[in-house]
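Descriptive structure summary
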Amino acid sequence: MAKEAVKYVWEGAIPLQIHLHKSDVASHPAPPPALVLAPRIGYLPLLIPLIKPYFKDSLPPGEDSIWFDYKGFPLKWYIPTGVLFDLLCAEPERPWNLTIHFRGYPSNILIPCEGEDSVKWNFVNSLKEAQYIINGNCKNVMNMSQSDQEDLWTSVMNGDLDAYTRLSPKLKMGTVEDEFSRKTSLSSPQSQQVVPETEVAGQVKTARIPVRLYVRSLNKDFENLEDVPEIDTWDDISYLNRPVEFLKEEGKCFTLRDAIKSLLPEFMGDRAQRSGEERSIDDTEEADGSREMGEIKLVRIQGIEMKLEIPFSWVVNNLMNPEFYLHISVLVKAPQR
């Protein structure tokens, strides 16, 4: 089952409808939009070789750096396409309508992108960061041969899970034991004969999991996802690049809730976890000017709306991106006074 989940992640794709911005149209009539299937684990600049030939006869001479926007909102090219979709489309939009620009690069908002080379540099740099978090150094990435590094990057670009699976063990990132699998193995007669006593003696194990958390905060509550307003600026999104200290204690299951609580304690206190009815009753009993805690409205990973009680080990082993980061998109109702 675990392998099946990873396979679904690697095969996951978002249907895009790419429109050429009107300022770039030099033909009449304007070209129809391009339809592209974008891998979730990929990056928007990697689609340019597919999209540019489609629009080439409609473009004026010369070009600037290419960039994309969603409803006028410039998209950060170094964030995986699936994460952008999860973050910006609270109510999933299919196909996802994006606009491509060949001029007017918004350098005050987006860092420069020189096509595939920039995306590859970003990927390798993230890989180094992840290994430093997990192992305390990044020597295995640094010592990887140039050919292996190229092959690893090619496997990601092509969505080739088999090739990636052959190459990624050379990085020696380690694994997190799935707590479901552990319970199953411990209950079998064979495992009871071979599991060391120290494994069942109540010891505590820790691991550091690289996490990139994207938090969109709303001041007003909402009932349905279609009621979530559009994003106007990247300032509306908080970004945390912080490891989760994964605590493994015999007899206890470290859940996704525990992981997010370690990153966003202000949204996961006792009051934040109670139902809306309980909070409203309690709040009427408090003095005016008291502070109501925020509330997590949605957690999305790889397009999945996650239940917070799922074991974090399963999430890590199955939903992590190829650069060994777990990308979590969270929609919250901001604390109110």
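Above this text you will find the structure in question.
Residues numbered from 1 in each chain as written. Predicted model: local features only at pLDDT ≥ 70, side-chain atom pairs only at ≥ 80, totals over all residues. Heavy atoms only, no water.

**Quick look at the layout of surface pockets**
Put simply, the largest pocket is a space of about 970 Å³. V6, Y164, T175, N317 and F324 are the residues nearest the centre of the largest pocket, which is lined by 33 residues in total. When contributions to the lining of the largest pocket are tallied by element, the ones reaching two or more residues are α1 (2–11), α4 (116–135), α7 (161–167), β6 (204–209) and α13 (312–319). A total of 7 residues in the lining of the largest pocket trace back to one element, the largest contributor, which is α1. Shared between two domains, the lining of the largest pocket holds at least three residues of each, these being domain 2 (117–175) and domain 3 (206–270 + 293–333). (1 Å grid on protein atoms, 1.4 Å probe; cavity = no way out; pocket = protein on both sides within 12 Å on 5 of 7 lines; lining within 4 Å. Points joined across faces, edges and corners; volume = space filled by probe spheres on them. Helix = DSSP H or I, 4+ residues; strand = E, 2+ residues; numbered from the N terminus. Domains from an automatic or database assignment.)

**Regarding the sheet that holds strand β5 (residues 96–101)**
The strand order β2-β1-β5-β3-β4 describes an open sheet built from 5 strands, whose pairing is mixed. Two strands in the sheet have a free side with no partner beyond their single neighbour: β2 (34–39) and β4 (73–74). Where strand β1 (residues 13–20) and β5 come together, 5 bridges link them in parallel fashion. When the sheet's bridge partners are listed, Q17 is paired in β5 with N97. Its contacts with the sheet put helix α3 (residues 81–88) on β1, β2, β3 (67–70), β4 and β5, and the angle it makes with β5 is roughly 120 degrees. (Pairing = 2+ DSSP bridges. Contact = heavy atoms within 4.5 Å. Axes fitted to C-alpha atoms, helices over the stretch in contact; angles between N-to-C directions.)

**Here we look at empty space enclosed by the protein**
Taken as a whole and judged by the stated rule, the model has 3 cavities of 30 Å³ or more. The computed volume of the largest cavity comes to approximately 80 Å³. Of all elements in the fold, only α3, β10 (295–301) and β12 (326–333) reach the threshold of two or more residues within the lining of the largest cavity. Residue contributions to the lining of the largest cavity peak at 3 residues, all from β12.

**A short note on the packing of aromatic side chains**
Taken as a whole and assessed by the stated rule, the structure comprises 11 aromatic pairs. A ring pair is formed by F246 and F312, whose centres lie 5.7 Å apart and whose planes are at 85 degrees; its orientation type is edge-to-face. Taken together, the positions of F246 in strand β9 (residues 244–249) and F312 in helix α13 put the pair 66 residues apart, joining distant regions of the chain. Neither F246 nor F312 differs from the other in exposure class; each is buried. Chaining the aromatic ring pairs together yields one cluster made of Y70, F85 and W96. The ring of Y325 carries the charged tip of R212 above its face, separated from the ring centre by 3.9 Å. It is K297 that lies over the ring of F222; its NZ or CZ is 5.3 Å from the centre. (Phe/Tyr/Trp six-rings, centres within 6.5 Å; stacked < 30°, edge-to-face > 60°. Buried < 20%, exposed > 50% of the residue type's maximum accessible area, 1.4 Å probe, protein only. Lys NZ or Arg CZ within 6 Å of the ring centre and 35° of its normal.)

**Focus: the side chain of S155**
By the secondary structure assignment, S155 is in helix α6 (residues 146–157). Excluding anything up to four places from it in sequence, S155 contacts W10, D160, A163 and Y164.

**A few points about α13**
The buried count for α13 comes to 7 of 8 residues, which makes it a mostly enclosed element. Taken as a whole, α13 has its buried residues at F312, S313, W314, V315, V316, N318 and L319.

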